[in-house]
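Given next are the chains, with one letter for each unit.
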Amino acid sequence: MILTYKFRIYLTKEQEEKLNKHFGCARFVYNFFLNYSSIMYKKMNISTNYNNWACVLVRLKKTDKYAWLNEVNSQSLQQSLKDLECAFKNFFKKQAKHPKFKKKKNRQTFRVPQHIQLYMKEENPKYGYIFVPKFKEGIKVRVHRTLPDTFKIKNVTFEKTTTNKYYVSIVMEVPHVQITNTSNDVLGIDLGIKDTITLSNGEKYNLPDLKKYEKRLKRLHRQLSKKQKGSRNREKTRIRLARYIEKINNVKNDWIHKITHKIVSESQVGKIVVEDLNIKGMLKSEKLAKYIHWQSWNKFIVILNYKAKRNGIELIKADRFYASSQRCSVCGYVNKEVKNLNIRKWVCPVCGTEHDRDINAAINLTNYVLSQEKVGQELSEIKPVDHALAAERKVNSSVTMG
Ligand SMILES: [Zn+2]
């Protein structure tokens, strides 16, 4: 089983310099080969890949011009190339936009894949030291979560946030603990178009109100745009804005952690089913607000998935068009009059059941799983049963979701 722990790190001046050198070199290599591959493709019609880039990188490092690349861990530079390759693969699979140049002002990272050691301070287990190549002394780590008894470190990623804080994410392999979950119950979760999630057991949760931060956020953006580029005042404002964004994200993430924990620990089910979010559709959407909202649900699913796994619960993603709010979860009748999003409650004209729009949609998700005889299907195999309905929902949702 793979676990990731993210800890704050505290650096000496010397270490900070060295770390920043690594961020810079990793970014340079990424950008260099992004540019390289597009030129090779456009001018020479040659597709290049990781192997070509790695060979060129070795030769670059032997030239005087790029000799400074030798000052950092060569494996971290190779990891940058791997990341670039991965970005291209996602792009070709239409799961992401074309790779973009990394900017110095954004969050900075680099990964160390090997030769990592972590020692805990015996007198104070809240702190430890992490040792990686090219760093003479261990980097001080604030270990705010208890580590597993036995683990093997697979890799670590160092990060500098836009607010100039430093972190390390430690990816470790721990012995798999088999949790037996014998429950046959299924919980459906309807992810709202705005900010509510609804469980098939009737519970509803609202994302914390992020609108109240908007005003100050806009003001900070405006202030920043007025400051002269390169000035100290601009840097001060930039950090103030980045801290504010960090704060908003913390509010959101705390909420996601709290709710996913509650769902996983209290629901006592064997399976949880959610809608598969439409990534391709979202990439096309130009509206930032929608994209941010989509990001929240995406993060919610990622965190729910790993917490569920740890508790022996299987997370199933059903085709998003299945979670129809138009289908009666009792008799299956599709009531087209419920299309309008403003209709929150309706009565099924066939069986007479009273429905809450979102709870009904969440129950439809559980029905879907229960009606499947094959257990543990891959999400790609799951197809909408009623294609006509799916198509209609598509039209419906394109109106409401862009
Ligand atoms: Zn009905």
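On a predicted model such as this, the values are computed, not experimentally measured, just so you know.

J.: Give a description of the pairing of strand β4 (residues 127–131) that names residues and reports values.
T.: Pairing between strand β3 (residues 117–120) and β4: four bridges, direction antiparallel. Within β4, the residue paired with Met120 across the bridge is Gly128. Connecting β3 to the antiparallel partner β4 that follows it, the hairpin turn spans six residues. Across four bridges, β4 lies against strand β5 (residues 139–142) in antiparallel orientation. If you follow Gly128 over to β5, its bridge partner there is Val141.

J.: With reference to specific residues and values, describe the environment of Glu275.
T.: Assignment of secondary structure puts Glu275 in strand β11 (residues 271–275). Considered as a pair, Glu275 and Ala318 are 43 residues apart in the sequence and their alpha carbons are 4.9 Å apart.

J.: Describe the sheet that holds β3, naming the residues involved and giving the relevant values.
T.: Here we have seven strands laid out as an open sheet, ordered β2-β6-β7-β1-β5-β4-β3, and antiparallel in their pairing. Two strands in the sheet have a free side with no partner beyond their single neighbour: β2 (108–112) and β3. Each strand axis lies, on average, 30° off the axis of its neighbour in the sheet, ignoring direction. Where strand β6 (residues 152–160) meets strand β7 (residues 166–173), eight bridges bridge the pair, whose relative direction is antiparallel. Each bridged residue has a counterpart across the sheet, and for Glu159 the counterpart in β7 is Tyr167. Against the sheet, helix α1 (residues 13–44) engages β2, β5, β6 and β7, with an angle of about 95° to β2.

J.: Residues and numbers for the sheet that holds strand β9 (residues 196–199), please.
T.: Through backbone hydrogen bonds, the strands of a sheet pair up, either in parallel or in antiparallel fashion. Taking strand neighbours across the sheet as the criterion, the five strands line up as β10-β9-β8-β11-β12 in an open arrangement whose pairing is mixed. The sheet is open, and its two borders are formed by β10 (204–206) and β12 (314–318), each paired with just one other strand. Ignoring which end each strand starts from, the neighbouring axes of this sheet average 20° apart. For strand β8 (residues 186–191) and β9, the ladder comprises three bridges, and the chain directions are antiparallel. Note that in β9 the partner of Asp190 across the bridge is Thr198.

J.: I'd like to hear about unusual backbone geometry, residue by residue, with values.
T.: Of note in this structure, Lys94 is not a glycine but carries a positive phi near 60°. In this structure, Lys94 sits in the loop between α3 (74–92) and β2. In this structure, His115 is a non-glycine residue whose phi angle is positive, near 55°. Note that His115 resides in the loop between β2 and β3.

J.: Explain the nonpolar core residue by residue, including any values.
T.: With 30 residues, the main nonpolar core has Ala26, Val29, Phe33, Ile130, Val156 and Val168 as its most contacted residues. Elements with a contribution of two residues or more to this core: β1 (2–10), α1, α2 (50–62), α3, β2, β5, β6 and β7. At eight residues, the largest contribution of residues to this core is made by α1.

About the thresholds
Residues numbered from 1 in each chain as written. Predicted model: local features only at pLDDT ≥ 70, side-chain atom pairs only at ≥ 80, totals over all residues. Pairing = 2+ DSSP bridges. Helix = DSSP H or I, 4+ residues; strand = E, 2+ residues; numbered from the N terminus. Axes fitted to C-alpha atoms, helices over the stretch in contact; angles between N-to-C directions. Contact = placed C-beta atoms within 7 Å. Core = buried A, V, L, I, M, F, W, Y, C linked by C-beta atoms within 7 Å. Buried ≥ 20, exposed ≤ 12 C-beta atoms within 10 Å, placed from the backbone.

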